[in-house]
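The chain contents come next:
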Amino acid sequence: MTFFQRILVVFIALTPLVLPLQSNGQTYKAWVNAGDQAMEGHSYAEAIEYYSKASEFEMEDLQLYRRLANAFRMYNDYERALSWYMRTFSADEDELFPEVIFYIGEMNKYMGRYTECVKYYNLYLSKAPSDTSYMGIKARSEISLMEKVKSIATDTVNDVLVENAGSSVNTTYSDFGAAVSGDSVLYYASLRFKYADRSNKNSTEQYVSRILRSTVSSGDFSKGKPLFMTINEPSLHNCNAAISPDHKVMVFTRCELLKSVGLRCDLYYSTYVDGSWSAPLPFPDSINDNRYTNTQPAIEAIGAEGYRIYFASDRPGGIGKLDLYSVKLDANFRFSAPENLGEPINTFDDELSPFFDSARDILYFSSYGHAGLGGFDIFKSRHYNGEFSTPENLRPPFNSSVNDLYYSYHLDSTTGTLTS
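Just so it is clear, the structure is predicted and the values come from calculations on it, not from any experiment.

Right, let's get into the overall build of the chain. Tallying secondary structure elements over the chain gives 7 helices and 23 strands in all. Against the 2.2 N^0.38 benchmark of 22 Å for 420 residues, the chain shows a C-alpha radius of gyration of 22 Å, consistent with a compact globule. Along the three orthogonal principal directions, the C-alpha set of the chain runs to about 65 × 55 × 45 Å. A total of 420 residues make up the chain; the buried ones form 52% of that total. Long-range pairs, those at least 24 residues apart, make up 51% of the contacts in the chain between residues at least 6 apart in sequence. Total accessible area computed for the chain in this model is approximately 19,700 Å², and 50% of it derives from carbon and sulfur atoms. In the chain, 38 side chains carry a positive charge and 52 a negative one; their mean positions are 3 Å apart.

What follows is the structure, encoded as structure tokens:
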């Protein structure tokens, strides 16, 4: 059977900005400070613009090189990040920034350069042999898994075609988190909508994501239309919609951007009544916690018992950074306490964007801790007698050396979506 795969590609481009500083008469330090403020606000495109303006002064500044490298890395522009990290490394005669060596290894892996990746991870560990921080653990893990990674990279799945979903769905903004409902409806999120608090004269416009709906016919997508504002809260990021197999329940995420931590998210649910989605309700406080993030839900049907909902969370007590958890939702909409899926699903690093095939009892998810080609890879694990099997990498072309996320497929299991 041919598995035809569609793809929602996240296009990340440097968009023109209206800069608050003018280069004429402004100081080098002013541009650097503006870039630092943008980084603190997680506005990486703006930070790149400001730091780039500072670099026009042609001052040799190791700190600026590192700032530019970090900004490009956070913006997922790995090639330019690697260029600036290499420039920093070459100029860092006093070895002030050993973490730059780690990031050179990481950027090389994102670009599929596995030999170079191992070279720089080994160099990093040679300078910090007793490092028990995340970087030390990650470098050792990557080195130990590299032969397996190289094997996966050459083990391409046949009869799979991956295509861009096209301009009806994708834009120059980020389009992500697709969920299929039945065989003809696609829900996804797009970071293309502007919002400003009109009641606050000091408020500035910002981009927020909203959930859209597109229909699929003969393999083509209709132009996505945002769901009503009962679902899409105008001031927040709305995303990660997951629809139950019986189309009765939708769970999704609402996120706020906080300077101190970045995006912090809560889970909501809505029911399908008389042809439309009801006003959403938040998950209880035992699941949502305003100190942590809970996001990217998926739904498994468990018959008369109701549903099991999987999600990613950075709540304390987990194995790694973002772990996968599950809760039960019964027929009376009562929630159980969240349970960490544990090993072998979760690792010391991030696991996220779950999808559960209720018909085949298979959990799909993305991980940065299991053996992957670079960035997040998509994995599958079978659920049998309450246990999950050792996760399997889906291999190319499902996975690449960059981030591959939000895997799901239609009920016919011959077409699906992912975000890359």
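Next comes the rest of the description.
Opposite charge on two side chains lets them pair, provided their charged atoms get close. Across all of its chains, the model carries 18 salt bridges by this definition. As a salt-bridge pair, Asp175 and Arg192 come within 3.1 Å of each other at their nearest N and O atoms. Of the two residues, Asp175 is situated in strand S3 (residues 175-181) and Arg192 in strand S4 (residues 185-195); the sequence distance between them amounts to 17 residues. For Asp175, a relative accessible area of 0% puts it in the buried group. The salt bridge involving Asp266 is made with Arg264; its shortest N-O contact spans 2.9 Å. Taken together, the shared-partner salt bridges in this structure form one network comprising Lys109, Lys138, Glu142, Lys321 and Asp349.

The next point concerns helix H7 (residues 134-153). With 20 residues, H7 extends only 25 Å from end C-alpha to end C-alpha; this falls clearly short of the ideal 28 Å at 1.5 Å per step. Of all the bends in H7, the greatest measures close to 55° and is centred on Met146. Of all the positions in H7, only Met135, Gly136, Lys138, Ala139, Ser141, Glu142, Met146, Val149 and Ile152 are classed as buried.

Once that is clear, we can look at the nonpolar core. By size, the foremost hydrophobic cluster in this structure holds 70 residues, and its most contacted members are Tyr51, Tyr85 and Leu363. When near neighbours in sequence (up to four residues on either side) are disregarded, Tyr85 contacts Ala69, Asn70, Arg73, Val100, Tyr103, Ile104 and Met107. Core analysis: the next-biggest nonpolar cluster, separate from the first, contains 15 residues, Val251, Phe283, Ile299 and Leu329 among them.

Time to look at the state of the cysteines. On inspection of all chains with the given rule, the structure shows 1 disulfide. Two residues share a disulfide in this structure: Cys255 and Cys265, whose sulfurs sit 2.1 Å from each other. Its torsion about the S-S bond being 105°, the disulfide of Cys255 and Cys265 is classed as right-handed. One end of the pair, Cys255, is in strand S9 (residues 249-258); the other, Cys265, is in strand S10 (residues 262-273), and 10 residues separate them in sequence. Judged by relative accessible area, which is 5%, Cys265 ranks as buried. In this structure Cys239 is not part of a disulfide, and its nearest cysteine sulfur, from Cys255, lies 4.4 Å away.

It is worth spelling out the packing of helix H3 (residues 62-74) against helix H4 (residues 78-91) at this point. It is at 8 Å that the axes of H3 and H4 come closest, and there the two elements cross at 160°. Comparing their axes, H4 and H3 come out roughly antiparallel. Where H3 crosses over H4, the handedness of that crossing is left-handed. Listed contacts from H4 to Leu62, Tyr65, Arg66, Leu68, Ala69, Asn70, Phe72 and Arg73 of H3 are Tyr78, Arg80, Ala81, Trp84, Tyr85, Arg87, Thr88 and Ala91. A breakdown of the residues in the contact of H3 with H4 according to their chemical character gives 10 nonpolar, 2 polar and 4 charged.

The next point concerns helix H6 (residues 114-127). With 14 residues, H6 should reach 20 Å at 1.5 Å per residue; the first-to-last C-alpha distance of 20 Å fits that figure. Listed in full, the buried residues belonging to H6 are Tyr114, Cys117, Val118, Tyr120, Tyr121, Tyr124 and Leu125. On its buried side, H6 packs onto H4, helix H5 (99-110) and H7.

Parameters at a glance
- Residues numbered from 1 in each chain as written.
- Predicted model: local features only at pLDDT ≥ 70, side-chain atom pairs only at ≥ 80, totals over all residues.
- Heavy atoms only, no water.
- Helix = DSSP H or I, 4+ residues; strand = E, 2+ residues; numbered from the N terminus.
- Rg over C-alpha atoms; globule rule 2.2 N^0.38 Å.
- Buried < 20%, exposed > 50% of the residue type's maximum accessible area, 1.4 Å probe, protein only.
- Contact = heavy atoms within 4.5 Å.
- Areas by Shrake-Rupley, 256 points an atom, 1.4 Å probe, with all protein chains shown as cover.
- Lys, Arg positive; Asp, Glu negative; His and termini not counted.
- Charge placed at Lys NZ, Arg CZ, Asp CG, Glu CD.
- Salt bridge = Lys/Arg side-chain N within 4 Å of Asp/Glu carboxyl O.
- Expected span 1.5 Å × (residues − 1).
- Bend = angle between axes of the 7 residues up to and from the residue.
- Core = buried A, V, L, I, M, F, W, Y, C linked by side-chain atoms within 4.5 Å.
- Disulfide = S-S within 2.5 Å.
- Axes fitted to C-alpha atoms, helices over the stretch in contact; angles between N-to-C directions.
- Parallel < 35°, antiparallel > 145°, perpendicular 65-115°, else oblique.
- Left-handed = near helix turned anticlockwise from the far one by under 90°.
- Nonpolar A, V, L, I, M, F, W, Y, C, P; charged D, E, K, R; others polar.

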